[in-house]
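Understanding the architecture of this molecule
Read off the chains here:
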Amino acid sequence: MQNKIQNPELFILGAGPGDPELITIKGFKALQQANVILYDNLANKELLEISRDDCEKVYVGKQPYGDYTPQETIHELIKHYAFTKGNVVRLKGGDPFIFGRGFEEIIYARQHGITTHYIPGVTSMQASGLDDIPLTHRLVSESVWMVTGTKKDGSLSADLTCAMHSNATVVIYMGMKKLAEIASAYINAGKGDTPAAIIQHASLPHQKSAKGKVCNLEALAADNQLTYPAIIIIGDVVNVKN
């Protein structure tokens with residue numbers, strides 16, 4: 001019978017938006033020291049090569065709108081490996097605390113006596129700059145709203161209504177199934193001509209994007225064959241270069 005680890009540790013690590021070189025130095029070191037890596041669908045698999053040969057890599061990904069590993073199963077795997085292997089890295093795409101359920105895993109681990117560590121990652125909206133879209137720009141946008149496109153019950157976040165009535169840049173995560181609803185919300189508010197962009201696979205060599213008006217989001221996605229994983233950016237910053 002395997003001895004139970006006396007000092008189990010969990011590292012919640014942000015993998016960044018896709019480009020493996022965007023991971024932090026602290027995150028790099030955590031991967032080098034890991035005994036087990038539980039990795040997501042959106043974490044670049046090249047990051048697994050940083051780890052030791054004897055490190056166990058376990059896929060616990062969630063395909064958008066498809067097959068997924070239940071969160072409860074991930075929790076159980078965290079507990080199992082923390083107490084049998086000692087050092088577990090939970091590698092999550094983007095930043096684990098921005099629509100990533102990372103803090104849920106922190107709470108669960110602490111409840112079971114596991115020491116936790118959080119290592120931030122570059123969230124996908126920050127990669128918009130690679131497409132010449134700054135999230136803020138003097139005299140154009142002085143703040144940013146981050147909104148989830150799909151809440152736990154499947155509905156569009158009501159916060160979008162508040163966001164669209166400000167001068168802030170609006171960034172919508174997980175919203176590709178809600179393009180029609182997003183466009184309708186802006187049209188009904190008399191803001192259908194607001195500039196908008198969709199960026200897919202941000203920071204990766206195969207990144208794709210398109211710019212237009214929020215009222216045409218569905219056509220923008222269809223005409224440019226854009227799908228998930230992607231972020232939607234709405235606001236005057238989209239055209240600040242023009």
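Residues numbered from 1 in each chain as written. Predicted model: local features only at pLDDT ≥ 70, side-chain atom pairs only at ≥ 80, totals over all residues. Heavy atoms only, no water.

Naming follows an unreviewed UniProt entry, where the protein chain appears as uroporphyrinogen-III C-methyltransferase of Mucilaginibacter gossypiicola. Taken verbatim from the UniProt record of the protein chain, the Sequence similarities (unreviewed entry) comment is "Belongs to the precorrin methyltransferase family." As recorded by UniProt, the Pathway (unreviewed entry) comment attached to the protein chain reads in full: "Porphyrin-containing compound metabolism; siroheme biosynthesis; precorrin-2 from uroporphyrinogen III: step 1/1." (UniProt positions renumbered as here; feature names shortened; annotations may be inferred.)

1. Some points on the overall build of the protein chain
Scanning the protein chain for helices and strands turns up 6 helices and 10 strands. The C-alpha atoms of the protein chain give 19 Å as radius of gyration, which agrees with the globular expectation for 242 residues (18 Å, within 12%). In terms of overall dimensions, the protein chain has a C-alpha envelope of 65 × 35 × 30 Å along the principal axes. Within the protein chain, the fraction of its 242 residues that count as buried is 48%. Taking the intrachain contacts of the protein chain between residues at least 6 apart in sequence as the baseline, contacts between residues at least 24 apart amount to 65%. Of the roughly 12,400 Å² that the protein chain leaves accessible, carbon and sulfur atoms contribute 50%. Here the protein chain contributes 23 positively and 25 negatively charged side chains, and the mean placements of these two sets differ by 4 Å. (Helix = DSSP H or I, 4+ residues; strand = E, 2+ residues; numbered from the N terminus. Rg over C-alpha atoms; globule rule 2.2 N^0.38 Å. Buried < 20%, exposed > 50% of the residue type's maximum accessible area, 1.4 Å probe, protein only. Contact = heavy atoms within 4.5 Å. Areas by Shrake-Rupley, 256 points an atom, 1.4 Å probe, with all protein chains shown as cover. Lys, Arg positive; Asp, Glu negative; His and termini not counted. Charge placed at Lys NZ, Arg CZ, Asp CG, Glu CD.)

2. A look at helix 5 (residues 179-188)
Among all positions in helix 5, only Leu179, Ile182, Ala183 and Tyr186 are buried. All buried residues of helix 5 project into a common sector of 95 degrees when viewed along the axis, lining one side. On the buried face of helix 5, the contacting elements are helix 4 (159-164), strand 7 (169-173), strand 8 (195-200), helix 6 (217-223) and strand 10 (230-234). (Arc of directions from axis to C-beta.)

3. Section: the nonpolar core
Counting 22 residues, the largest nonpolar core has Ile182, Ile198, Leu217, Ile232 and Ile234 as its most contacted members. When residues of this core are traced back to their parent elements, those giving at least two are helix 4, strand 7, helix 5, strand 8, helix 6 and strand 10. Core analysis: the next-biggest nonpolar cluster, separate from the first, contains 17 residues, Ala15, Ala30, Leu31 and Ala43 among them. (Core = buried A, V, L, I, M, F, W, Y, C linked by side-chain atoms within 4.5 Å.)

4. So, the environment of Ile187
Examined against the element boundaries, Ile187 turns out to sit in helix 5. Accessibility expressed as a relative area gives 44% for Ile187, which makes it partly exposed. Along the primary structure Ile187 and Val214 are separated by 27 residues, whereas in three dimensions their C-alpha atoms are 8.2 Å apart.

5. Structural notes on the packing of helix 2 (residues 71-85) against helix 3 (residues 102-111)
The geometry of helix 2 relative to helix 3 is characterised by a closest axis approach of 10 Å and an angle of 45 degrees between their N-to-C directions. Comparing their axes, helix 3 and helix 2 come out oblique. The handedness of the crossing between helix 2 and helix 3 comes out as right-handed. Judged by residue contacts, Gln71, Ile74, His75, Glu76, Ile78 and Lys79 of helix 2 engage Glu104, Glu105, Tyr108 and Ala109 from helix 3. Per-class residue counts for the contact of helix 2 with helix 3 are 4 nonpolar, 2 polar and 4 charged. (Axes fitted to C-alpha atoms, helices over the stretch in contact; angles between N-to-C directions. Parallel < 35°, antiparallel > 145°, perpendicular 65-115°, else oblique. Left-handed = near helix turned anticlockwise from the far one by under 90°. Nonpolar A, V, L, I, M, F, W, Y, C, P; charged D, E, K, R; others polar.)

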